Each structure stands twice: as C-alpha cells, then as structure tokens.
Amino acid sequence: MPLELVEERAAKLRAEIERHNHAYYVLDAPTIPDAEYDRLFRELQALEAEFPALQTSDSPTLRVGAPPLKEFPSVVHGVPMLSLNNAFAEAEVAAFDARVREGIELTSGEVDYAVEPKFDGLAISLTYRDGVFVRGATRGDGATGEEVTENLRTVRAIPLRLVGQGWPAELEVRGEVLMLKADFERLNAHQREKNEKEFANPRNAAAGSLRQLDSRITAGRPLSFFAYGVGVGANQLAARTQDEIMLRLAGWGFPVASERRVVSGVAGLMAYFAEVGNRRPSLPYDIDGVVYKVNRLAWQDQLGFVSRAPRFAIAHKFPAEEATTEVLAIDVQVGRTGAITPVARLKPVFVGGVTVTNATLHNEDEVRRKDVRVGDTVIVRRAGDVIPEVVAIVPEKRPMRSGRDLFELEPLHPCFILPAICPECGSAVEKPADEAIARCTGGLYCPAQRKQALWHFASRRAMDIEGLGDKLVEQLVDAGLVHTLADLYQLNLATLAGLERMGEKSAQNLLAAIEGSKNSTFARFIYALGIRNVGEATARDLARHFGNLEHLLAADEAALQQVPDVGPVVAASLLAFLHEPHNRSVIEKLLAAGVHWPQGEPETAGPRPLAGKTFVLTGTLPTLKRDDAKALIEAVGGKVAGSVSKKTDYVVAGEEAGSKLEKAQELGVAVIDEGQLMVLLAEIGAQNLMTRN
Ligand code: IVH
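Residues numbered from 1 in each chain as written. Predicted model: local features only at pLDDT ≥ 70, side-chain atom pairs only at ≥ 80, totals over all residues. Heavy atoms only, no water.

Q: Help me understand the overall build of the chain in this model?
A: Helices and strands together make up the secondary structure of the chain, namely 25 helices and 26 strands. Taking 693 residues into account, the globule formula puts the C-alpha radius of gyration at 26 Å, and the chain, at 29 Å, falls close to it. Dimensions of the chain along its principal axes, counting C-alpha atoms only, are 90 × 75 × 65 Å. Residues counted as buried form 47% of the 693 residues belonging to the chain. Across the chain, contacts joining residues at least 24 apart in sequence account for 65% of those joining residues at least 6 apart. When the 78 basic and 93 acidic side-chain charges of the chain are each reduced to a single mean position, those positions are 2 Å apart. (Helix = DSSP H or I, 4+ residues; strand = E, 2+ residues; numbered from the N terminus. Rg over C-alpha atoms; globule rule 2.2 N^0.38 Å. Buried < 20%, exposed > 50% of the residue type's maximum accessible area, 1.4 Å probe, protein only. Contact = heavy atoms within 4.5 Å. Lys, Arg positive; Asp, Glu negative; His and termini not counted. Charge placed at Lys NZ, Arg CZ, Asp CG, Glu CD.)

What follows is the structure in structure tokens.
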C-alpha cells in the first residue's frame, strides 16, 4: 500500500476509535460491539508497528501505557488550582449567597448558580494545544503539581483530540479523575483473586492508580474523568456563564456530570442539595457534597478570591459519616511540635469508606468533657480525608462494677489522666494555662519529635527526599545516626547499607535523593524547617516577601507582620524558632552541606506605609482598572478587602457604586474617589510604583 494511503487509513482509524471511545466512556452509549472495536484497534496497532513514523501523540494506541518513568516532573500551573470553602448548614449557604450579593452589589432579584456534584476523586489539569492533549498534571499544592501525562492518556474518558471547533490554541481543562463504584468493586474482586491488596475505597484506588510511575499499570485500572472548569484559556472562550463553559466542554468531547444544573438563590441551592443527597446512593460515583458557582462569569471576576479560595464558589458538604465501636485503650501521641494528643485505640470499624482503628481525642479537656474511658462504646466520625474523631460515648454501654456500697455501681475504668512526662523521652509535659494543648518540653531531644521533624523535612512538599519514609527515619533515629536535620547530609553508603532491610542499591538511591534535595527553593526550605504555624502557603508568602534568608533572619515582629496572612501568632512562632541558637546552627549546617536555592530579592524593598490599612474598591473607577488599583495599594502594604466593615479604613468609590458605598456611609468609613487615592499614594511616595503598573 502506498504510504499516503496507509497514513489516510491510520488517521481514519484513529478518528473512528476515538469516536467509539467517546460513545462508550463519555456518552455511555456504545455504538459497536466490543469485538469490532478490538478489530479496529488491532488494525491501527499493526499499522503503527509497521510504520512507526505514522504514530501520532493523540493515537488511541498510546492509551495502553508507556515505559515507566523514574519520577514525575513538576509542573507549574498557569493559573493556580484553588480549593473551595466549605459550608455544612443552610445558614452557611445563606451567608455565602449574602456575601455574593454584597460583592456584586445586587440589591434585588436572585443570583443564578451553576451547581454540580462534588466528586470525591483527584483534581487534575489537562492541557490541549491546538486541540491535541499534550500534558496532564495533578493539582499538587495548587501552585505546582506533578506531570502525569502518560497516566492520564490511558483514561478512556479523556479526549486525546478535541472534537468540533472553536477552542483556544491553548486550553487547560480541569476536572476530577475518579473510579466508578462498580469499577472499584470489580477491581477489588480482581485483587482478591490475585491475592493482592484491596483498596479501601474508590478514591484511594483512583489516587493509587494515577500515581503509578509505570503507566501500563494505570492503563489496567478503570479510571474515569469528569470536567468541571477551565484554567488557562478561560477568557478566550467567549462564554458569558459557567453553564456555557460546561456546554462547550461537553461539545468538545469531555464528560460532564449529568446532574449539573443552574438554580436560583438560596432556595434553589437547598433544593438541589436535598435532591442530590437523596440520589447519592444510586449515583455511579462517590461524592462528598455539591458545588455552587456563581453562573455569570463577569460576577465571578468581580468577586475574585480570598486567600486560596474563590469568593464566587462554595462546596456544600454532606454530613460526615458515623459508626459505633469500642475503645480498647487510650494512648498519647507526640506530634512534630511536641503537642501531646490523646488517641483512642478502637476495635476496627468501617466508616466513611475506610476501616478506622484510631481516632483523635484532640486534647485532655476534650477527653474529660466527653468522659471517654477504656471499654466505652463510642460514636466515631470520619469526613473526607480528615482524621477520624470520637464524637461521644454511649453512656448506657459503659462497663460498670459494684462499688463500695453493694447497690451502687461505679465505672470499671478510671477517667483519663494526661501523663506528666512524655512517654517517648521522659521530659516534662507542660500545658500553658491559656492553651488546650499540652506539649512535651523535650524539643528535638525527644525522639518522637525528632522523627517527625525529619519525616516532615523529607516529605514531598518540603525537601522531597524520595525513599525517606517514616520507617527509615525511625531506624536512622533509633540507631543514633541522625540527630538533627543537618545530619541527613552526612550519611554515607557504609552506614546506610549497614541498616537492617537496606540493600546497597536502596542506600545508593537514598543518597542520590538526599543529594538531589540540596537543589531546592526558598519556600520549600522554610516549610521544611517545620516551624510551628508555618504551613506551605505561609512559607511561600515568606519566601516571596523576603526573597532571601538574610532578610528573613533579620526580620523583627513588625517586618514579619507585613507578610500577607502573618499575624502576631505566626510572627511569634517564627521569631521563637529563628532565634533559637540550636535552630540557627542547624540552618547554618544545612547551608554548609550544600542546600541551596535561587536567590531572590525582597518583593518590595521600599517602605510599606499603608501596612495595616484596609481598602474596599467599589463601582467603576474613571481610569484605573480594579486590579491595578489593588496592586498599587498592596505594593505599599495596604490590604484590599471585598466587603465593608468597621475595620475598613477607606472605601474607594467610582461610578455606580452601590451598597458598599451605602454601608461605608452608614458605618462612617472614609470614602474617597480615584483622584484622592492617587493623592494619598503620591503623598506617601508611591508614585514611582504607578509607572510600573
Ligand atoms: S470547582 C476554584 N467543581 O474540590 C475552585 N471542584 O475544594 C474550582 N471538586 O480539589 C473547583 N468536584 O478537585 C469544583 N464539581 C466540582 C468539583 C470540585 C470536586 C474538588 C476539586 C478541588 C476541590 C476544591
């Protein structure tokens, strides 16, 4: 056959196979018998095998997986992948709607919301260039994810080439990868037959399948996908509403939830919540709530974001699942920062999709308040990914014995008492009068704290030392090989290979991973130190703000509080940590060992005269765009909030300012116009910033 004809035939086969895929996996309406499909597929495979040059990146033959990777490369998301705020009660939904209305200054009529199930799977991002799937990534921490393109290619419901027309040259579709309940049951039955480990629930099965370095394994797992939005390219869709975006996605071949709808106002939201709640057991996939998004995109833009979640959307969650079981023992656990947490050891019970054997009792006061004792029957609750907790005891079921007076009964077991010394290291346990949490005072002398500090340091989002899990950390600490974080970088092949269950090859791999971790980022390094109250987001803000370690180490309380979301508590934690001589020395040793990152400059070297001042922008400003006005204010330390309260210092009002202006007048907040804002900025010397924006 002449090559052109082969090429033509291959293209035809690809299109046809993908059409059948779409019919089967997206529309759930197969168009041909399986055997016929297999025949087409094999024909294409044979052609591509004979003429490898004909294989294209969107060929369905690639859905069977590719050779394994060593690791997943990182991907920086073009538009951050945010999280959603949660609501559990109607009052919270009503408050959300009220905030929306205030934000868009709507005084009459209802807001329309695009609503759909909240899939209990994994968020992913799919990039299409000129309609061809080129890259897939996990959400990761929202800013950076892992590239799992080959794995996602194996998911039959994900189009490899878009159908129809009108997509932007670069289109990033977002949605959820999950495993249907029926597929999950089949997979587990299969695992049982093969004597392999079963998965706890569909979510875990989907997560485990997606994180395979060998995509041929992923290909054998029945994953599904539902699209719920667009990241990069969203503003080129010429859509007016969320609903239109979804229609467009469906038209290009993406599966979207058939339960999706547009409803009006709080009443519409609550009716939808009840409806989906009723249908939850019969839906083909697990969901943990529903999601509400303001339908009109112009309003979404206007509402914007607060910290890491949009103001225009919210997740309305179903109540957590509960079960009863028995308390076998009450132990205490020592956390990374010394926090002593009482933990109930439970008779295993299946709740919320997993078998629970431990549940947190939070702190001593909580145990006393709930009066949980050994032998008690308790109600255990588990919601989503959160740690299971003991809600209450069932008093009638408490084991009793007769007391001194024969007719009186007393509990068989005494009430819980927090140990006065740390069970891990013997140091004193202290509880400041105004705090609920007791802490071990042993610091990094306490092996429990040391182990967790090391484990945190090595974790994926910190220094990312692959292979250094909790078991190994335990061994390293118990063998006395590692005392401080910096000791990790002094390990050598001889000592490592001498450890139990550690072969020479794994020792080499670990050393390579430790070496690789030296090349890091400032934000990861700050996070890795494990400073109390400094999570990933704060670490990133600190890194961006201070640019380099010298500036961070030199910062005083006031300087620290200039960083977004850093208040007195976080600032105090930072100062306490950074001024501790032992910690300073560990930091120095880490740097001396070669840990490094690209050096940056502080975000704004200049003064921040508007620090602590809050502005609200309303109406249309004559010359400045809202975002520009916001950037100008923030550049000199001011904050821009979405709604007016007593804490607002200035309301900047433009044309057609509505309810926010009224509210400002009501509360006696200063109202200025754009001209006055410019004068204010000029007075404090921010003019130079204006040209920059
Ligand atoms: S919209 C701007 N819609 O929920 C936020 N998210 O807490 C865009 N999720 O990790 C998210 N189902 O993976 C949206 N129908 C749905 C969803 C959904 C599940 C997940 C999402 C994200 C998390 C946000």
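Further notes follow.
Q: Just checking my understanding: could you explain the side chain of K451 for this structure?
A: Structurally, the position occupied by K451 is in helix α12 (residues 447-458). Residue K451 is classed as buried on the basis of its relative accessible area, which comes to 15%. Among the polar contacts listed, one links the side chain of K451 to the side chain of E474, at a separation of 3.4 Å. Apart from the residues within four sequence positions on either side, K451 is in contact with V473, E474, V477 and D478. (Polar contact = N/O pair within 3.5 Å; in protein donor to acceptor, adjacent residues only side chain to side chain.)

Q: Explain helix α9 (residues 265-279) here, please?
A: A turn of α-helix holds 3.6 residues, and therefore any two residues three or four places apart point the same way. Helix length check: α9 (15 residues) gives 22 Å between terminal C-alpha atoms against 21 Å at 1.5 Å per residue, within 8%. Residues of α9 that are buried include every one of G265, V266, G268, L269, M270, Y272, F273 and V276, and no others. (Expected span 1.5 Å × (residues − 1).)

Q: Which parts of the structure should I look at to understand the packing of aromatic side chains?
A: The relation between two aromatic rings is expressed through the spacing of the ring centres and the mutual angle of the planes. The tally for this structure, following the rule as stated, stands at 15 aromatic pairs. Relative to Y285, the ring of F226 lies with its centre 5.1 Å away and its plane at 65°, an arrangement referred to as edge-to-face. Pair noted here: F226 is in strand β8 (residues 224-230) and Y285 is in the loop between α9 and β10 (287-294), with a separation of 59 residues, a long-range link. Overall, F226 belongs to the buried group, its relative accessible area being 13%. Relative accessible area serves as the criterion here: at 3%, Y285 is assigned to the buried category. Put simply, the rings of F119, F226 and Y285 touch in pairs and so form one group of aromatic residues. (Phe/Tyr/Trp six-rings, centres within 6.5 Å; stacked < 30°, edge-to-face > 60°.)

Q: What is the right way to look at the sheet that holds strand β13 (residues 313-317) in this model?
A: Two modes of strand pairing occur in sheets, parallel and antiparallel, and in both the strands are linked by backbone hydrogen bonds. Pairing is mixed across the open sheet formed by five strands, whose spatial order is β2-β13-β10-β3-β9. Unpaired on one side and paired on the other, β2 (86-87) and β9 (261-264) mark the two borders of the sheet. As defined by bridge partners, strand β3 (residues 112-119) adjoins β10 across seven bridges and the pair is classed as antiparallel. The residue bridging Y113 from the neighbouring strand is V294, located in β10. Here α9 sits on the sheet and contacts β3, β9, β10 and β13; the angle it forms with β9, its principal contact strand, is near 135°. (Pairing = 2+ DSSP bridges. Axes fitted to C-alpha atoms, helices over the stretch in contact; angles between N-to-C directions.)

Q: Honestly, the pattern of salt bridges in this entry has me stumped. Any pointers?
A: When their charged atoms lie close together, side chains carrying opposite charge are able to pair. Across all of its chains, the model carries 44 salt bridges by this definition. In this structure, the salt-bridge partner of E196 is K194, at a minimum N-O distance of 4.0 Å. Using a relative accessible area of 44% as the deciding quantity, one classes K194 as partly exposed. Across the pair K451 and E474 runs a salt bridge whose closest N-O atoms are separated by 3.4 Å. Pair noted here: K451 is in helix α12 and E474 is in helix α13 (residues 470-478), with a separation of 23 residues, a long-range link. (Salt bridge = Lys/Arg side-chain N within 4 Å of Asp/Glu carboxyl O.)

Q: What's the story with unusual backbone geometry in this structure? I'm lost.
A: The phi torsion of most residues other than glycine is negative, and most of the peptide bonds are trans. One non-glycine residue, D28, lies in positive phi territory at about 60°. Relative to the helices and strands, D28 resides in the loop between α1 (3-26) and α2 (34-50). The phi angle at E105 is positive, at roughly 55°, despite the residue not being glycine. When you line up the elements, E105 lands in the loop between α3 (90-103) and β3.

Q: Quick question: what am I supposed to make of the nonpolar core here?
A: Considering soluble globular proteins, one finds that nonpolar side chains tend to be buried as a cluster. Grouped together as the largest cluster of nonpolar side chains are 55 residues, with contacts concentrated most on I465, L488, Y489 and L542. For this core, the secondary-structure elements that each account for two or more residues are α12, α13, α15 (504-517), α16 (522-528), α17 (536-546), α18 (549-554), α20 (568-578) and α21 (581-592). At six residues, α16 tops the list of elements feeding residues into this core. With near-sequence residues (within four places) excluded, I465 lies in contact with F457, A458, L488, Y489, L510, A513, I514 and S517. Ranked by size, the runner-up nonpolar core spans 37 residues in total, among them L122, I158, A227 and F254. (Core = buried A, V, L, I, M, F, W, Y, C linked by side-chain atoms within 4.5 Å.)

Q: When you look at the site of the ligand in this model, what are you seeing that I'm missing?
A: Neighbouring residues of the ligand: 13 residues in total, closest L84, E116, P117, E176 and Y228. Contacts to the ligand include P117, whose backbone N or O atom sits 3.0 Å from a nitrogen atom. At 2.9 Å from an oxygen atom of the ligand is found a side-chain nitrogen or oxygen belonging to Y228. About the coverage of the ligand: the protein hides 86% of its 520 Å² of free accessible area. For the shell around the ligand, the secondary-structure elements that each account for two or more residues are β3 and β10. Among the elements that take part in the shell around the ligand, β3 stands out by supplying four residues, more than any other. Each residue belonging to the shell around the ligand can be placed in one class, and the counts come to seven nonpolar, one polar and five charged. (Near = heavy atom within 4 Å. Areas by Shrake-Rupley, 256 points an atom, 1.4 Å probe, with all protein chains shown as cover. Nonpolar A, V, L, I, M, F, W, Y, C, P; charged D, E, K, R; others polar.)

Q: Would you explain the sheet that holds strand β5 (residues 132-138) in this entry?
A: Pairing is antiparallel across the open sheet formed by four strands, whose spatial order is β5-β4-β7-β8. Looking at which strands have only one partner, the edges of the open sheet turn out to be β5 and β8. Across this sheet, the average inter-strand angle for adjacent strands is 35°, counted without regard to direction. In this sheet, β8 lies alongside strand β7 (residues 170-178) in antiparallel orientation, the contact comprising six bridges. By the bridge assignment, R174 is partnered in β8 with G229.

Q: Just checking my understanding: could you explain the packing of α12 against α13 for this structure?
A: Relative orientation and spacing of two packed helices are given, respectively, by the angle between their axes and the distance between those axes. α13 packs onto α12 with a crossing angle of 130° between their chain directions and a minimal axis gap of 9 Å. On the basis of their axis angle, the class for α12 and α13 is oblique. In this structure, α12 crosses over α13, and the sense of that crossing is right-handed. Of the residues in α13, those in contact with P447, R450, K451, L454 and W455 of α12 are D470, V473, E474, V477 and D478. Partitioning the contact of α12 with α13 into residue classes produces five nonpolar, no polar and five charged. (Parallel < 35°, antiparallel > 145°, perpendicular 65-115°, else oblique. Left-handed = near helix turned anticlockwise from the far one by under 90°.)

Q: Honestly, the side chain of N188 in this entry has me stumped. Any pointers?
A: When you line up the elements, N188 lands in helix α5 (residues 181-193). If we skip the residues at most four places from it in the chain, N188 touches E198 and F199.

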